[in-house]
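Here's the letter readout for the chains.
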Amino acid sequence: MATIDAKTVNELRTRTGAGLMDCKKALVETNGDMDAAAEILRKKGIATRDKKAGRVASQGTVASYIHMGGRIGVLVEINCESDFVAKNDLFQAFARDIAMHIAAASPRFVKRDEVPAEEVAKETEIVKAQCAGKPPQAIEKIVAGKLEKFYSEVCLLDQPFVKDDKKTINDILTEQITKTGENIIISRFSRFQIGA
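### A few points about the sheet that holds strand β2 (residues 72-80)
- Sheet architecture is open: three strands sit in the order β1-β2-β5, paired in antiparallel fashion. Edge positions in the open sheet fall to β1 (59-67) and β5 (185-193), since each of these has one partner strand only. Along the sheet, successive strands turn relative to each other by an average axial angle of 10°, direction set aside.

Right under this line is the structure:
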């Protein structure tokens, strides 16, 4: 069994944002494997997020971001459960990061269920037309893959985070929920661009 020292626990805590005891338990469980421990904490964060999803998030903030000499501007509403978290520097930094990401990545919707069904059907039809002559099972897989790519382009929660493309915005949101212990919802945003 690997020795789990405070430095290793702190390194995992810095990497994941989880609590010290959770980090230590995950490292003990994985015999000191940092990546496996991070994965355990991530799964726990998703479970925590799912438990908190039904809780009312009536507090929050409206963050703004102006980019490129005033040519692009973003307003985003992010809700949480308490005024204490809403005013927290960590939450405010998260909100600014999301606004900056929206300016850079230009999503059109927050989540998948906001995409109009007609738009998804049109995208599916285009992909099927491109796959003419291929076996039906192959077409199904290609359509599923192309729709995933489509969602990652137009839906904020599915987009790779501009500051760390190994994580999606949904991953960043889950980490924030784990850190604050509250339900957090990215409610809506507006992106303005000169000449667009």
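That shown, we press on.
### Things to note about the nonpolar core
- Ranked by size, the top nonpolar core spans 26 residues in total, and within it Val76, Ile78, Phe94, Ile98, Ile184 and Ile186 carry the most contacts.
- Those elements that place two or more of their residues in this core are β2, α4 (83-86), α5 (89-105), α8 (169-180) and β5.
- The element that contributes the greatest number of residues to this core is α5, accounting for seven residues.
- Sequence-distant contacts of Ile98, defined by excluding residues within four places in its chain, comprise Val76, Ile78, Leu156, Ile169 and Ile186.
- Residues Val115, Val127, Cys131 and Tyr151 belong to the second largest nonpolar core, which totals 12 residues.

### Some remarks on the packing of helix α6 (residues 117-130) against helix α7 (residues 136-154)
- At their nearest, the axes of α6 and α7 sit 10 Å apart, and the two run at 135° to each other. Regarding the angle of α6 to α7, the classification is oblique. For α6 against α7, the interelement crossing comes out right-handed. Packed against α6, whose contacting residues are Glu119, Val120, Glu123, Thr124, Val127, Lys128 and Gln130, the element α7 presents Ile139, Ile142, Val143, Lys146, Leu147, Phe150 and Tyr151 at the interface.
- Here the residues of the contact of α6 with α7 are counted per class, giving eight nonpolar, two polar and four charged.

### Concerning the packing of α5 against α8
- The contact between α5 and α8 brings their axes to 11 Å, and the two run at 170°. Judged by the angle between their axes, α5 and α8 are roughly antiparallel. In this structure, α5 contributes Leu90, Phe91, Phe94, Ile98 and His101 to the contact, and α8 contributes Ile169, Ile172, Leu173, Gln176 and Lys179.
- Taken together, the residues of the contact of α5 with α8 sort by class into seven nonpolar, two polar and one charged.

### A closer look at α5
- Here α5 spans 24 Å end to end across 17 residues, near enough to the 24 Å set by a 1.5 Å rise per residue.
- Among the residues of α5, Phe91, Phe94, Ala95, Ile98, Ala99, Met100, His101, Ile102 and Ala103 are the ones counted as buried.
- On the buried face of α5, the contacting elements are β1, β2, α4, β3 (160-161), α8 and β5.
- By the N-cap criterion, in which a side-chain oxygen at the helix start approaches the backbone nitrogen of a residue two or three places on, α5 is capped by Asn88, the distance to Leu90 being 2.6 Å.

### Structural notes on unusual backbone geometry
- We note that Asn31 has phi near 55°; this positive angle belongs to a residue other than glycine.
- Structurally, Asn31 can be placed in the loop between α2 (20-29) and α3 (34-52).
- Here Ser106, not a glycine, exhibits a phi torsion of approximately 55°, which is positive.
- Among the secondary structure elements, Ser106 is positioned in the loop between α5 and α6.

### Quick notes on the environment of Lys134
- Within the secondary structure, Lys134 is located in the loop between α6 and α7.
- Every residue in contact with Lys134, bar those within four places of it in the chain, is listed here: Ile139 and Ile142.

Cut-offs used in this document
Residues numbered from 1 in each chain as written. Predicted model: local features only at pLDDT ≥ 70, side-chain atom pairs only at ≥ 80, totals over all residues. Heavy atoms only, no water. Pairing = 2+ DSSP bridges. Helix = DSSP H or I, 4+ residues; strand = E, 2+ residues; numbered from the N terminus. Axes fitted to C-alpha atoms, helices over the stretch in contact; angles between N-to-C directions. Core = buried A, V, L, I, M, F, W, Y, C linked by side-chain atoms within 4.5 Å. Buried < 20%, exposed > 50% of the residue type's maximum accessible area, 1.4 Å probe, protein only. Contact = heavy atoms within 4.5 Å. Parallel < 35°, antiparallel > 145°, perpendicular 65-115°, else oblique. Left-handed = near helix turned anticlockwise from the far one by under 90°. Nonpolar A, V, L, I, M, F, W, Y, C, P; charged D, E, K, R; others polar. Expected span 1.5 Å × (residues − 1). Polar contact = N/O pair within 3.5 Å; in protein donor to acceptor, adjacent residues only side chain to side chain.

Everything listed is a geometric property; what it means functionally is a separate question.
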